[in-house]
Amino acid sequence: MPKIPDHVRGARFTGWGTALGHKVVTNDDLAKTMDTNDEWVRERTGIQRRHIGGSTSELSAISGAAAMKMAGVDPSSIDALILATTTPDRTVPGTSATVQNLLGLSCGAFDVNAACSGFVYALVNAHGLIAMGAERVLLIGTDTLARITDWTDRNTAVLFADGSGAAVLEATSGRGHLLGWDLDADGSAEEILYAEIGGNIQMEGKEVFRRAVRIMVDSAQKSMAHAGVTADDISVIVPHQANIRIISAACDRLGIPMSKAAVVLQETGNTSSASIPLALFADLGQTKPKQGDLVLLVGFGAGMTAASAILEWGAQ
Ligand code: COA
C-alpha cells in the first residue's frame, strides 16, 4: 500500500459512541446448553461474557447518535455515512441506508464488508472522502454475529457476539491523525472462515489462529513503515478482539508489550467490525490513548482480510 502523499487534507476524530447487545451471556450460561465450561473458554480465548441482541441498524443508530452528540454536530452536517458490517439487516438495501434514515442524515451512505477488518477499511475510505472535499464523515462498525452463529456449536458459539462503535471524522486544517495505513486480503483463504447466505459461521479455528497472528504482524509492520515509526514509538495497540492468545502472540512478535494493548474481549467477545472501535472508544477499563500518543489499530478477519492504521491521538 502507498504512503500518504504530502499535502493531503487530514482528518481527526471529534466524537465517538458505542453500543452493546442488551442481553449478557456468560460462559456458565453457555455451559448449560453445550459441552463447554468457563475455565476452558477463559483460558483458551480470554472471553468471560458477551452481549447479544438488537439488529445491526438498531445498534448502529445508538452508537452513531452518541458519536454525533459528543462531536456536537447536527445530522444535516454529515457528508457521508460508512457502515462497516458483515451482518447487514437485509441483503438489499445496504444497512447504511436504514441507519441514515434512523439518524436523520441527508448524505450518501454505503456498507463496507471486510469482516473483522471492516472498521479500519472504513476508516481509510473515510479519509479518502475527506481528501476529496467531504468535511465530516460518520463511520460506524457494527456486527450482530449472534444471528449467524450456531448456538449448539461450541467451536464458534463461545467466541461471537453483538456490538457497535462509531466515530465522527472531521477534516482538519492541520496534518490530521492518520500517519500510515495498510489494507490486505487473501481470498485463497476464504474456505477457513465463512458463512453462506442464510447460514451460520463455519471456521477452522486452528488455521485461522495461525494465519491471524502472521497477517496482523505483517499489516502492522507495513503501516509502521509507511508512517516512519517503529514498535517502540507505539503507545497503544488496539487489536481485533478475537482471542487473547492471538493478541498476545501478535504483540510478542511485534515487540509491543501486552500492557500497551487495549483489550475488551473479556466483556464483549468477538464483535467483528465493532471490535476495534469498542476497544478504542468503550469505557470498559481498557488501556486508552492520551493526547499525542501513537496508536496502532490492527484487525484481521474472514477473507482473509487484514488492515492497520497508525494514528497520532488528538492531532490537529
Ligand atoms: N469448550 C471446551 N472444550 C473445547 C471447546 C469448547 N468451547 N472447543 C474445543 N474444545 C476442546 C477440543 O475438542 C479439544 O479437545 P481434545 O484435546 O480432547 O481433542 C481441545 O479443547 C482443544 O481444542 P482446539 O481446537 O485445539 O483448541 P484451540 O486451543 O485451538 O482453541 C479456538 C480453539 C477456536 C478458541 C482457537 O483456535 C481460536 O481462537 N482460533 C481463532 C478463531 C478466530 O479468531 N475466529 C474469528 C476470526 S475473526
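Since this is a predicted model, take the numbers as computed values, not measurements.

The rules behind the values
- Residues numbered from 1 in each chain as written.
- Predicted model: local features only at pLDDT ≥ 70, side-chain atom pairs only at ≥ 80, totals over all residues.
- Heavy atoms only, no water.
- Near = heavy atom within 4 Å.
- Polar contact = N/O pair within 3.5 Å; in protein donor to acceptor, adjacent residues only side chain to side chain.
- Areas by Shrake-Rupley, 256 points an atom, 1.4 Å probe, with all protein chains shown as cover.
- Helix = DSSP H or I, 4+ residues; strand = E, 2+ residues; numbered from the N terminus.
- Nonpolar A, V, L, I, M, F, W, Y, C, P; charged D, E, K, R; others polar.
- Domains from an automatic or database assignment.
- Buried < 20%, exposed > 50% of the residue type's maximum accessible area, 1.4 Å probe, protein only.
- Pairing = 2+ DSSP bridges.
- Contact = heavy atoms within 4.5 Å.
- Buried area = accessible area lost by both parts, 1.4 Å probe.
- Axes fitted to C-alpha atoms, helices over the stretch in contact; angles between N-to-C directions.
- Arc of directions from axis to C-beta.
- Core = buried A, V, L, I, M, F, W, Y, C linked by side-chain atoms within 4.5 Å.

## Quick notes on the site of the ligand
Taken together, 23 residues form the shell around the ligand, and within it Thr36, Arg44, Arg154, Lys206 and Asn243 come nearest. The side chain of Trp40 places a nitrogen or oxygen atom 3.1 Å from an oxygen atom of the ligand. In the environment of the ligand, an oxygen atom lies 2.7 Å from a nitrogen or oxygen atom belonging to the side chain of Arg44. Within the complex, 73% of the 960 Å² of free accessible area of the ligand lies under protein. For the shell around the ligand, the secondary structure elements donating two or more residues are helix H2 (38–45), helix H6 (154–157), helix H7 (205–227) and helix H8 (244–254). The dominant element in the shell around the ligand, judged by the number of residues it contributes, is H7, at four residues. A per-class count over the shell around the ligand returns eleven nonpolar, seven polar and five charged. Structurally, the shell around the ligand is a two-domain feature, drawing no fewer than three residues from each of domain 1 (10–172) and domain 2 (178–312).

## Comments concerning the pairing of strand E6 (residues 136–144)
With nine of nine residues buried, E6 lies mostly within the body of the structure. Both faces of E6 are covered, namely the face carrying Arg136, Leu138, Ile140, Thr142 and Thr144 and the face carrying Val137, Leu139, Gly141 and Asp143. Bridge count between strand E4 (residues 80–84) and E6: five bridges; the pairing is parallel. Along E6, the bridge assignment pairs Leu83 with Ile140. Sheet topology places E6 next to strand E7 (residues 162–172); nine bridges connect them, and they run antiparallel. Bridge assignment links Gly141 to a residue of E7, and that residue is Gly165.

## Notes on the domain arrangement of the protein
The domains assigned to the protein are domain 1 (10–172) and domain 2 (178–312). A separation of 15 Å is found between the C-alpha centroids of domain 1 and domain 2. Contacts between the two partners involve 47 residues from domain 1 and, on the opposite side, 42 residues from domain 2. Counting each side, the surface lost to burial between domain 1 and domain 2 is near 3600 Å², with a carbon and sulfur contribution of 65%.

## Quick notes on the sheet that holds strand E13 (residues 305–312)
Taking strand neighbours across the sheet as the criterion, the four strands line up as E8-E13-E12-E11 in an open arrangement whose pairing is mixed. Of all the strands in the sheet, the pair left with one neighbour each is strand E8 (178–185) and strand E11 (236–239). When strand polarity is set aside, the average angle formed by the axes of neighbouring strands in this sheet is 10°. Of the strand pairs in this sheet, E8 and E13 are connected by seven bridges, and their pairing is antiparallel. Residue pairing in the sheet places Asp184 in a bridge with Ala306 of E13. Across the sheet, helix H5 (residues 118–131) is in contact with E8, strand E12 (294–301) and E13; its angle to E13 comes to roughly 55°. Across the face of the sheet, H7 comes into contact with E8, E11, E12 and E13 while running at roughly 145° to E8.

## So, H8
Taken together, the buried positions of H8 are occupied by Ile246, Ile247, Ala250, Cys251 and Leu254. The arc that holds the buried residues of H8, viewed along the axis, is 130°, so those residues lie on one side. Every exposed residue of H8 that faces more than 90 degrees away from the buried side is listed here: Asp252 and Arg253. Near the N-terminus of H8, the side chain that reaches the backbone nitrogen of Arg245, with its oxygen 2.8 Å away, is that of Asn243. Just downstream of H8 lies Gly255, where phi reads positive at about 80°.

## Describing the nonpolar core
With 49 residues, the main nonpolar core has Ile234, Ile237, Leu254, Leu296, Phe300 and Ile310 as its most contacted residues. Elements supplying a minimum of two residues to this core: H7, H8, E12 and E13. Sort the elements by how many residues they give to this core and H7 lands first, with nine residues. Residues within four places of Leu296 in sequence aside, it is in contact with Ala220, Ile234, Val236, Ile237, Val238, Leu254, Ile256, Ser308, Ala309 and Ile310.

## What about the sheet that holds E7?
In space, the five strands of this open sheet follow the order E1-E7-E6-E4-E5, with mixed pairing throughout. Strands with a single pairing partner mark the edges of an open sheet, and in this sheet they are strand E1 (10–20) and strand E5 (108–112). Averaged over neighbouring strand pairs, the angle between their axes works out to 20° when direction is ignored.

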